[in-house]
Amino acid sequence: MQPPKVLVTRKWPDNIEKILTKDFDCSFNHQDKPLTPSELKDALKTFDAILSTVTDSLTADILMTKPTQTKIIGNFGVGFNNIDIESAQQQNICVTNTPDVLTDCTADIAILLILMSARRGAEGDRLIRQKRWQGWSPTDMLGQKVTAKTLGIIGFGRIAQATAYKAHFGFNMKIIFYNTSPVPENLTQPVKAHCCGSIDDVLAAADFVSIHCPGSPQNHHLLGEQQLKRMRPNAHLINTARGTLIDTKALVKALQNNWFAGAGLDVFEHEPTIDPALLTLDNVTLLPHLGSATEETRRAMGLRVIDNIKAFFSGQTPRDLIC
Ligand code: DGY
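### Some remarks on unusual backbone geometry
Right, on to step 1. P67 follows K66 through a cis peptide bond whose omega is -5°.
Right, on to step 2. Mapping P67 onto the fold places it in the loop between helix 3 (60-63) and strand 4 (72-74).
Right, on to step 3. Looking along the chain, the bond that leaves E271 and enters P272 is cis, with omega of 0°.
Right, on to step 4. With respect to the element layout, P272 can be found in the loop between strand 11 (262-265) and helix 12 (276-279).
Right, on to step 5. Even without a glycine there, the phi angle at D32 is positive, about 60°.
Right, on to step 6. Structurally, the position occupied by D32 is in the loop between strand 2 (25-27) and helix 2 (37-46).
Right, on to step 7. Take D32: its relative accessible area is 30%, and that puts it in the partly exposed class.
Right, on to step 8. The phi dihedral of A148 is positive, around 70°, even though this residue is not glycine.

### Some details on the state of the cysteines
By definition, a disulfide links two cysteine residues through a covalent bond between their sulfur atoms.
Right, on to step 1. All chains considered together, the criterion is met by zero disulfides.
Right, on to step 2. Looking at C213, it has no disulfide partner, and the nearest cysteine sulfur is the one in C195, 13 Å off.

What counts as what
- Residues numbered from 1 in each chain as written.
- Predicted model: local features only at pLDDT ≥ 70, side-chain atom pairs only at ≥ 80, totals over all residues.
- Heavy atoms only, no water.
- Helix = DSSP H or I, 4+ residues; strand = E, 2+ residues; numbered from the N terminus.
- Buried < 20%, exposed > 50% of the residue type's maximum accessible area, 1.4 Å probe, protein only.
- Disulfide = S-S within 2.5 Å.

In structure tokens form, the structure reads like this:
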């Protein structure tokens, strides 16, 4: 029997690509250029499996391509907002993701942004590189203390829980959160997390707000002008989830007018395009979607995709089945 034909849409770590070739007839993208919509449509006609990622927009228009050869989309990433799930279902295409393996590294980036924003890390680095630093002074570059402050978390899934754990045990932070569904006590109790009745309650009480919701259409601009106005004057807003969760125009207005102290962003609404106004602001820390960007995690993500498609092609249910 011929091995299934598999397309890997972006460059993966070398050793993981090698492992994939053992069981599959692979096409790799060694130039690592994101595929165009028409290339993605062609891929759906040609490959049994497409191993996509966050930069591949698998819209309804693309997924409704007929005839379709693709039976599974093994997404390299935990978020799958790049895939129109309804169309995949209509086309009988199975979709999987890669949860768990990137939880810790993404939570590390949330903590990094909390610290960078509160302690003005990126701004200080710019000051030195631009030779503008005049030396230590009692009132220079003052930020906010992190230890023992309140971290407000919106969406209490795996990455949020890991962030809460690191913040609570590493920095003695008090944890409050809002989640749309009830969270079992065994997940909140270790960090003594207090469940708030609404997002507004979190925004009004937190010194740091970290958002961890899926980038679904329902969550588009979950934080807009009205919500941002509720934050405390010394608070910081952290986003390691998806750029679409925050209305960028409203965020720019908030930061320009100092409604709160700062923001730390690892994700953006129209990645890799960044709103030019953000680039002019010193009270925002900008990272290039580094959440899962460690050698260990990217290898683990690749292996997880391989596990999922191997299970699928051997007639089993993949462990990370979305649909
Ligand atoms: C994910 O997994 O959803 C990340 O955003 C990509 O690393």
